[in-house]
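Structure at a glance
For reference, the chains in residue letters:
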Amino acid sequence: RNHLHAAGHICVLKDAFMYESPTAIANLTSTDKFDAALAIHLYKGGRLLQGSRIPFGIIFGGTDVNEDTKCEEKHRVMGAVLEEARFAVAFTMKMKELAAAEWPDARKKIYVQSQGIKTTPSETFDWYRFLQNADIPTDTGSLHLFLLICGLRRVKDPLYLVDVFSDWHRDNPSVHLGIIGPAVDPIFTSEVKEKVDRAPGVHLLPEVPQDDLHAAMKRCFAVVNSSISEGMSAAILEAMDLDIPVLARNIPGNAAIIKHKETGLLFSDPQEFVVLSKSLMNDPIMEREIVTRAKDYVKKHHSWESEKKAYRDLVLKL
C-alpha cells in the first residue's frame, strides 16, 4: 500500500474475512467507485473478486498454492479467479512453477517479485516493560529470548516446539520462548493459551505495533519460524535485516530464503531445533557470520525499492 500511495494512487485496505461473497465486494467497489483491485491470497482474497466489474491482480499468499490446491473445490475456484486476473505475483520462482503446474494457461501472467523489506525499530521501545508484561525475568545479562512471530492459526504451528523448549528451559532457565502475534483463529488461540500456561519458559505475548516488534526483535537472541507451510515469511526477512539469527523449520518456503548454516539455521524436528540453538549460543563467531551473510542477502534480493517499482508497473496493467 505504501508503494501505491507514493505513486499517487488512493489505496484502501480491506480484510477479506469481513466479506462473505463476491456480491459484498461488488457493492463496495461500485459504491466507493474503485477503479481496480489487488487481492492477497488466490483463494481467500481472490474468490471475492470472481466476476468483478473492475480489473484486478492477485498476490499469492503461500498456503493458496501449497495447501489449498489439495481441495478440489478451492482448486476450481482459484483456477477461475486466475483466469480473470490481469496478473499474479509469486514471491519465488518455485512458487510460480507450482502455480503454473496447476494452471498452465496462467504461466505468462505470473510475475516473480520477492518481498521487499524495510525495518523501522522504535526508538522509544521499553524492553524491560515488554519483558515484565510477559513474565520474563528482566535480568537480561543471562537471558536468551527466542521470538516466534506468527498469527495464531494451525498452519503456523506455534505449539511445535513448546514441549521440547520447556524441557530445555528446565535444564537452562536462561532460555525463554516468546510467541507473539494476532489471534487469527479464536478456537486455536485458546488451545495455544492452555498449552503455554502449562509450559515453563514459554510465553504468549500480546500483539504489538510493528515498530515495537522490530525493536523487540533487535533485543532478542533469535527469531524462530515453525510453520507447516509458508509463502515467504516477512518476519524471517525482517530478522535478517535487523542482524538477528533465524532458526526456521525446514519447509520449501523457508528453505527458499535460508541457506542452512550460511544465512540461518533450518531444523527438521524439535530435537534438532534445540541442538542448533545450543550451537548458536556456544559459537558467537558462527552467529556473527550468519547474521552478516543474512543481512547481505536481504539487501541484495529483497530490496524495498525494487518491490516498489515492480508494483507500480504492475498496477498500470489494471
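Nothing here was measured: the structure is a model prediction, and the numbers come from that model. (Residues numbered from 1 in each chain as written. Predicted model: local features only at pLDDT ≥ 70, side-chain atom pairs only at ≥ 80, totals over all residues. Heavy atoms only, no water.)

**Structural notes on the sheet that holds strand β4 (residues 110-112)**
Note the threshold: Two strands pair if DSSP finds at least two bridges between them. Only DSSP runs of H or I with at least four residues qualify as helices, and only runs of E with at least two residues qualify as strands; both kinds are numbered from the N terminus onward. Each axis is a line fitted through C-alpha atoms, taken for helices only over the stretch in contact, and angles between the N-to-C directions span 0 to 180 degrees. Two residues form a contact once any of their heavy atoms are found within 4.5 Å.
Here four strands make up an open sheet; going across it, the order is β1-β2-β3-β4 and the pairing parallel. In this open sheet, the two strands that pair with only one neighbour each are β1 (37-40) and β4. Put simply, the sheet's adjacent strands are angled 25° from each other on average, direction ignored. With three bridges joining them, strand β2 (residues 56-59) and strand β3 (residues 87-90) adopt parallel strand pairing. Bridge pairing in β3 links Ile 59 to Val 89. In the packing of helix α5 (residues 93-102) onto the sheet, the strands contacted are β3 and β4, and the crossing angle to β4 comes to about 165°.

**Some words on the domain arrangement of the protein chain**
The cut-off we apply is this: Source of the domain bounds: an automatic or database domain assignment. Simply put, the buried area is the total loss of 1.4 Å probe accessible area from both parts when two parts are fitted together. Take a side-chain nitrogen of Lys or Arg and a carboxyl oxygen of Asp or Glu: if they are within 4 Å of each other, that pair is a salt bridge. Contacts described as polar in this section are N or O atom pairs within 3.5 Å, which, within protein, must combine one atom able to donate a hydrogen with one able to accept it, while residues neighboring in sequence count only if both atoms come from side chains. We call Asp, Glu, Lys and Arg charged. Ala, Val, Leu, Ile, Met, Phe, Trp, Tyr, Cys and Pro are nonpolar, and the rest, Gly among them, are polar.
The domain boundaries assigned to the protein chain delineate domain 1 (1-116 + 303-316) and domain 2 (127-301). If you average the C-alpha positions of domain 1 and of domain 2, the two centres end up 29 Å apart. Each partner contributes to the interface: domain 1 provides 13 residues, whereas domain 2 provides 14 residues. Summing the contributions of domain 1 and of domain 2, the shared interface buries around 910 Å²; its carbon and sulfur component is 54%. Scanning the region where domain 1 abuts domain 2 turns up zero salt bridges. Our count for the domain 1 to domain 2 interface comes out at five residue pairs in polar contact (both at pLDDT 80 or more). Broken down by secondary-structure element, the contributors of at least two residues to the side of domain 1 that touches domain 2 are α3 (63-66) and α5. Here the residues of the side of domain 1 that touches domain 2 sort into two nonpolar, eight polar and three charged.

**Observations regarding the environment of Asn 250**
Along the chain, Asn 250 turns up in the loop between β9 (246-249) and α11 (252-255). Residues in contact with Asn 250, not counting those within four places in the same chain, are Ala 255, Leu 266, Phe 267 and Ser 268.

**Concerning helix α13 (residues 284-301)**
Here is the rule we go by: For a helix, the expected span equals 1.5 Å multiplied by the residue count minus one. The classification of residues rests on relative accessible area computed with a 1.4 Å probe and restricted to protein chains. Under 20% of the type maximum is buried, over 50% is exposed, and intermediate values are partly exposed. Read the arc as the range of directions from the helix axis to the C-beta atoms.
Look at α13: 26 Å from first C-alpha to last across 18 residues, which is about the 26 Å you get at 1.5 Å a residue. Listed in full, the buried residues belonging to α13 are Met 286, Ile 290, Val 291, Ala 294, Tyr 297 and Val 298. Mapping the buried residues of α13 onto a view down its axis gives an arc of 125°, with all of them on the same face. Turned more than 90 degrees from where α13 packs its buried face, Ile 285, Arg 288, Lys 299 and Lys 300 sit exposed. In this fold, the buried residues of α13 make contact with α10 (234-241), β10 (265-267) and α12 (270-282).

**Remarks on the packing of aromatic side chains**
Rules: A pair of Phe, Tyr and Trp rings is counted when the ring centres sit within 6.5 Å of each other, with Trp represented by its six-membered ring. The angle between the planes then sorts it: under 30 degrees is stacked, over 60 is edge-to-face, the rest tilted. Lysine NZ or arginine CZ positioned within 6 Å of the ring centre and within 35 degrees of the ring normal marks a charge as sitting over the ring.
All told, the structure shown has eleven aromatic pairs when counted by the stated rule. Ring geometry for Phe 165 and Trp 168: centres 5.3 Å apart, planes at 65°, overall edge-to-face. Pair noted here: Phe 165 and Trp 168 are both in helix α7 (residues 162-171), with a separation of three residues, about one helical turn. Overall, Phe 165 belongs to the buried group, its relative accessible area being 0%. What links up through ring pairs into an aromatic cluster is the set Phe 146, Tyr 160, Phe 165, Trp 168, Phe 221, Phe 267 and Phe 273. Stacked on the ring of Tyr 160, the Lys or Arg Arg 249 has its end atom at 3.5 Å from the ring centre.

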